[in-house]
Amino acid sequence: MIIGDYRIEVIPDAEFRLDGGAMFGVVPRVLWESVCPPDEKNRIRLNLNCIFIDTGKDKILIDTGIGGKWSEKETEIYGIGRRKLLSDSLFEVTGCRADEITKVVNTHLHFDHAGGNTIRDGGGLRPQFPNAVYLVAKRELEHAEYPSERDRASYLPENWEPLLASQQLVTMPDAYEPVEGLQIQTIRGHSATMQTWRLDRGGQTIYGFADLIPTRHHLRPAWIAAYDLFPLETLEFKKTILPQAAAENWLCLFYHDPEMPLVKIKFDGKSFIASEPADV
């Protein structure tokens, strides 16, 4: 896909499963199970949709999926279904090797967004993208290193400590622009320090919600994950961003949607809905 003079591709990492009740918060199961049928363990199917951007000078990856450092027990707990490595998917879709990535943007350091930052190498760990600078908000790293009891399980130091050791991790402010046209901004809701991204190029806009709107089924105002630390702020974010996305005809990325990762948002007179992008 060409947006202005940039090439954009969705790079799927793997499928995994989380508890449906946790993913939809206060919404009763009788409602959400009609659109996300759970398995026998009450888990729903999710995906990890990373974004590749080729500017001609930089090759950028936004988020790195869940990674492959999981034990057999953990793989079963999260229902991880991996068909190929992230680096293999990257090459198949883009022709780009892992060592050609120049920048990795982590919207936050939860294990399902930063798990592919590092890989096992013999008995140790190393950066999966050896020539990349990894960018993460300074406040997010500070929180990851001293998380609360509520979100401690989401942060695994193995996903960033090797980057500190290799001096590839660079901390950034709450808002920054890693390349021209790509804006990264901290938005409270899922957490206090998670970031979303917006790319404006050639008169077109692509917006990545990260975990604020993880799937197309979360477009409904009250359908907010129980994982969100500030759900009322997530609600206010939706009320602001969705009318703008629909009015300005943005492409929008649902990071966790297993079927429709990149769509346009439409308002049908009653609610906001996701439709397949007609002309990209």
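Refer to the structure printed above.
Right, let's walk through the structure included here.

Cut-off values and rules
- Residues numbered from 1 in each chain as written.
- Predicted model: local features only at pLDDT ≥ 70, side-chain atom pairs only at ≥ 80, totals over all residues.
- Heavy atoms only, no water.
- Core = buried A, V, L, I, M, F, W, Y, C linked by side-chain atoms within 4.5 Å.
- Buried < 20%, exposed > 50% of the residue type's maximum accessible area, 1.4 Å probe, protein only.
- Helix = DSSP H or I, 4+ residues; strand = E, 2+ residues; numbered from the N terminus.
- Contact = heavy atoms within 4.5 Å.
- Pairing = 2+ DSSP bridges.
- Axes fitted to C-alpha atoms, helices over the stretch in contact; angles between N-to-C directions.

Examining the nonpolar core
A general feature of soluble globular proteins is that nonpolar side chains tend to end up buried together. Of all hydrophobic cores here, the largest spans 40 residues; its most connected members are Phe24, Leu61, Ile101, Leu109 and Phe129. Of all the elements in the fold, those that place two or more residues in this core are β2 (6–19), α1 (20–24), β3 (43–54), α4 (86–94), α5 (111–114), β8 (133–137) and α6 (138–145). Residues contacting Ile101, with those up to four places away along its chain left out, are Phe52, Lys59, Leu61, Leu90, Cys96, Phe129, Asn131 and Ala132. Among the nonpolar cores identified, the runner-up in size contains 20 residues, and Ile8, Tyr176, Ile184 and Leu253 belong to it.

Looking at the sheet that holds β8
A sheet is described by the order of its strands in space; here 7 strands give the open sequence β1-β2-β3-β4-β5-β8-β9, paired in mixed fashion. Lying at the two open borders of the sheet, with one neighbouring strand each, are β1 (2–3) and β9 (169–172). Two elements, strand β5 (residues 103–105) and β8, share 3 bridges in a ladder whose sense is parallel. Bridge pairing in β8 links Val105 to Leu135. The strands touched by α4 are β2, β3 and β4 (59–62); relative to β2, the strand with the most contacts, the crossing angle is about 145°. Lying over the sheet, α6 contacts β8 and β9, oriented at roughly 80° with respect to β8.

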